[in-house]
Amino acid sequence: MLQINELVTGYGDMKVLHGISLQINDGETVALVGSNGAGKTTLLRAISGLIPIWSGSIILDNKNLVGIPAHAVPSYGIAHIPQGRGVLGTLSVFDNLMLGAYIPAAKAQRKETLEEVFRLFPILKERQNQLAGTLSGGQQQMLAIGRALMLHPKILILDEPSLGLAPIVVESVFKIITDISKQGVSILVIEQNLIEALGVSSRGYVLETGKIVMEGSSKELLANKRIREAYLGI
């Protein structure tokens, strides 16, 4: 479904990604793990059209997205949940969710999609009239995911969904990611929390200083001595 080929980009004169290649198949959850500064968020910004591509391609369903403006990328079926969630705190939970269904194809299905979001997140249904800014961090993360699902995406991209959340909330968020995957949505999850990310993924890539240095099944990566030493301190 999503094929990234030899992607090179950065900021100003600083190259951040040095020929990144990866793929995500239909209905597959893939983890991209790495430390701070490895280039994970830069890759997501490139996929979403937020920064220019220097070279390489981003192919979604045989369509090259390089050069597509950021506001048009969601219409191709990509929903990007940024680090920090990005909910609009002065709007209600309901209004935040409705903003996720702004493209015509999603708007036509928003009633049915909203029911599914409320099934996944009962707390959002209970608090749909509450200002988003008054929700807890975990509830705001659920709202960010729910808003992305309102787009009816082909692929869901999550940037550090566990950031700043209590361990019990992190467990709940990753369970929801698993539930979404079971519905056939392809997912790319970017995380420093290697165990959680690989726990919900079938495959993973390890990014270091803008380069993919390792890839394989989640089980293989978790068992890898180098990975265990570098990221788990084992």
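Residues numbered from 1 in each chain as written. Predicted model: local features only at pLDDT ≥ 70, side-chain atom pairs only at ≥ 80, totals over all residues. Heavy atoms only, no water.

### Side note on the overall build of the chain
Within the chain, the regular secondary structure consists of 10 helices and 10 strands. Computed over C-alpha atoms, the radius of gyration of the chain comes to 17 Å, within 12% of the 17 Å expected from 2.2 N^0.38 for 234 residues, which places it in the range of a compact globule. In terms of overall dimensions, the chain has a C-alpha envelope of 45 × 40 × 30 Å along the principal axes. Here the chain, with 234 residues, has 49% of them falling under the buried criterion. Contacts in the chain between residues far apart in sequence, at least 24 positions, make up 67% of those at least 6 positions apart. Surface exposure of the chain reaches about 10700 Å², of which carbon and sulfur atoms provide 53%. Seen as two clouds, the 21 positive and the 20 negative side-chain charges of the chain have centres 2 Å apart. (Helix = DSSP H or I, 4+ residues; strand = E, 2+ residues; numbered from the N terminus. Rg over C-alpha atoms; globule rule 2.2 N^0.38 Å. Buried < 20%, exposed > 50% of the residue type's maximum accessible area, 1.4 Å probe, protein only. Contact = heavy atoms within 4.5 Å. Areas by Shrake-Rupley, 256 points an atom, 1.4 Å probe, with all protein chains shown as cover. Lys, Arg positive; Asp, Glu negative; His and termini not counted. Charge placed at Lys NZ, Arg CZ, Asp CG, Glu CD.)

### Section: the environment of Ala72
Relative to the elements of secondary structure, Ala72 occurs in the loop between β5 (63–64) and β6 (78–81). Among the residues examined, Ala72 registers a relative accessible area of 19% and is labelled buried. Taking the C-alpha atoms as reference, Ala72 lies 24 Å from Ser181; in sequence the two are 109 residues apart.

### Some thoughts on the sheet that holds strand β1 (residues 2–11)
Strands sit in the order β2-β1-β4-β5 across an open sheet of 4 strands; the sheet is antiparallel. What marks the edges here is a single partner per strand, and that holds for β2 (14–24) and β5. One ladder, built from 8 bridges, connects β1 with β2; its direction is antiparallel. Bridging from a neighbouring strand, Leu2 pairs with Ile24 of β2. Relative to the sheet, helix α1 (residues 40–47) contacts β1, β2 and β4 (55–60), its axis offset from that of β1 by approximately 110 degrees. (Pairing = 2+ DSSP bridges. Axes fitted to C-alpha atoms, helices over the stretch in contact; angles between N-to-C directions.)

### Quick notes on the pattern of salt bridges
By the definition in use, this model includes 6 salt bridges. A salt bridge links Arg119 to Glu116, with the nearest nitrogen and oxygen atoms 2.6 Å apart. Linking Arg119 with Glu116, this pair stays in helix α4 (residues 110–120), spanning 3 residues, or about one helical turn. Since its relative accessible area comes to 51%, Arg119 is described here as exposed. By relative accessible area, Glu116 is classed as partly exposed at 26%. (Salt bridge = Lys/Arg side-chain N within 4 Å of Asp/Glu carboxyl O.)

### Quick word on the environment of Ile78
Position of Ile78 relative to the elements: it lies in strand β6. According to the relative accessible area criterion, Ile78 is buried, its value standing at 2%. Separated by 77 residues in sequence, Ile78 and Met1 place their C-alpha atoms 11 Å apart. Ignoring sequence-local partners within four residues, the contact set of Ile78 consists of Ile47, Leu60, Leu65, Val73, Leu151, Ile155 and Ile157.

Scope: geometric values only; no functional claims are made or implied.
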